[in-house]
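Now for the letters of each chain:
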Amino acid sequence: MALLPIRLYGDPVLRRKSVEVPEVSEEIQLLARDMLETMYDADGVGLAAPQVGRSIRMLVADASHKDGGAGGRVFINPVILEAWGELSYDEGCLSVPGLSAELVRPEAVRVRFQDETGATREEEFHRLWGRVLQHEIDHLEGKLFVDYLSPIKRALIMKKLKQLQKEAKSGIAL
Ligand SMILES: [Zn+2]
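Residues numbered from 1 in each chain as written. Predicted model: local features only at pLDDT ≥ 70, side-chain atom pairs only at ≥ 80, totals over all residues. Heavy atoms only, no water.

K.L.:
So what exactly am I meant to see when it comes to helix H3 (residues 127–140) here?
P.N.:
Helical geometry: 3.6 residues make up each α-helical turn, so side chains three or four residues apart lie on a common side. Here H3 is 14 residues long and its end C-alpha atoms lie 21 Å apart, about the 20 Å a rise of 1.5 Å per residue gives. Burial analysis of H3 places 13 of its 14 residues in the buried class, the great majority of the element. At the exit of H3 stands Gly 142, carrying a positive phi of roughly 80°. (Helix = DSSP H or I, 4+ residues; strand = E, 2+ residues; numbered from the N terminus. Expected span 1.5 Å × (residues − 1). Buried < 20%, exposed > 50% of the residue type's maximum accessible area, 1.4 Å probe, protein only.)

K.L.:
Is there a simple way to think about the coordination of the zinc ion in this case?
P.N.:
Each donor-metal-donor angle would ideally measure 109.5 degrees in four-coordinate tetrahedral geometry, or 90 or 180 degrees in six-coordinate octahedral geometry. Looking at the zinc ion, one finds its protein donor set to be Cys 93 (SG), His 135 (NE2) and His 139 (NE2), positioned 2.0 to 2.2 Å from the metal centre. Every donor residue of the zinc ion comes from the same chain, spaced as C-x41-H-x3-H. Residue His 135 and its partner His 139 are both found in helix H3; the two are separated by 4 residues, about one turn of the helix. A relative accessible area of 1% places His 139 in the buried class. (Donors = N, O, S within 2.8 Å, 3.2 Å for Na, K, Ca; no water.)

K.L.:
Hey, could you run me through the pattern of salt bridges in this one?
P.N.:
A side chain of one charge can pair with a side chain of the opposite charge if their charged atoms are brought near each other. Across all of its chains, the model carries 14 salt bridges by this definition. A salt bridge links Asp 11 to Arg 7, with the nearest nitrogen and oxygen atoms 3.1 Å apart. Between Arg 57 and Glu 141 there is a salt bridge, with its nearest N and O atoms 2.5 Å apart. Residue Arg 57 is found in the loop between strand S1 (46–48) and strand S2 (58–61), and its partner Glu 141 is found in the loop between H3 and helix H4 (151–169); the two are separated by 84 residues along the sequence. Classification of Arg 57 by relative accessible area gives buried; the value is 9%. (Salt bridge = Lys/Arg side-chain N within 4 Å of Asp/Glu carboxyl O.)

K.L.:
Is there a simple way to explain the nonpolar core in this structure?
P.N.:
Across soluble globular proteins, nonpolar side chains have a tendency to be buried as a group. Core analysis: the biggest nonpolar cluster contains 18 residues, and Ile 28, Met 35, Leu 47, Ile 56, Met 58, Val 60 and Ile 76 have the highest contact counts within it. Within the residue set of this core, elements represented by two or more residues are helix H1 (26–41), S2 and strand S3 (73–84). Setting aside chain neighbours within four positions, we find Ile 56 in contact with Ser 18, Val 19, Val 21, Ile 28, Leu 31, Ala 49, Pro 50 and Leu 140. Core analysis: the second largest hydrophobic core is formed by 15 residues, Phe 75, Leu 128, Trp 129 and Ile 137 among them. (Core = buried A, V, L, I, M, F, W, Y, C linked by side-chain atoms within 4.5 Å. Contact = heavy atoms within 4.5 Å.)

K.L.:
Before we go on, may I ask you to explain the environment of Arg 7 in this structure?
P.N.:
With respect to the element layout, Arg 7 can be found in the segment before H1. Given a relative accessible area of 31%, Arg 7 falls into the partly exposed group. It is 5.8 Å that separates the C-alpha atoms of Arg 7 and Val 52, two residues lying 45 residues apart in sequence. Not counting residues within four places of it along the chain, the set of residues in contact with Arg 7 comprises Val 13, Leu 14, Pro 50, Gln 51, Val 52, Gly 53 and Ser 95.

Here you go:
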């Protein structure tokens, strides 16, 4: 297992649209394990492949400390089939360290995905699990949580974002 460098705001890979994973190969399973290890090491609850420089549709998540479940999960080619309810949550991102913002999103989502064995599953996710999945699936579209902020709120944190961008360009990654 290995820790992977996390790409920061300003890195173009975070804006690319990811492609489907054609097959859950051993390489994909290894990447999933490394992503989980990297996520736990960074104290995150979710991590999408673009955040470690791979433009492929996979992510890992673990919201079990807060909202139950068995632990870390792997989601390959995830698709949101349905979303409902409403929940406000203080959302952050490992690629935008030190910043968070209160965002309203659907409380629950029904997601179809493949697990780490390649099996196709369909499940409902609520509260933090639902939030993490929506946030990480956005990453696969090249979308970041700061994109949802109002222009005023965005302007307020722009200074910090610019600093992060400078750091990303100079090759410093957490
Ligand atoms: Zn993120």
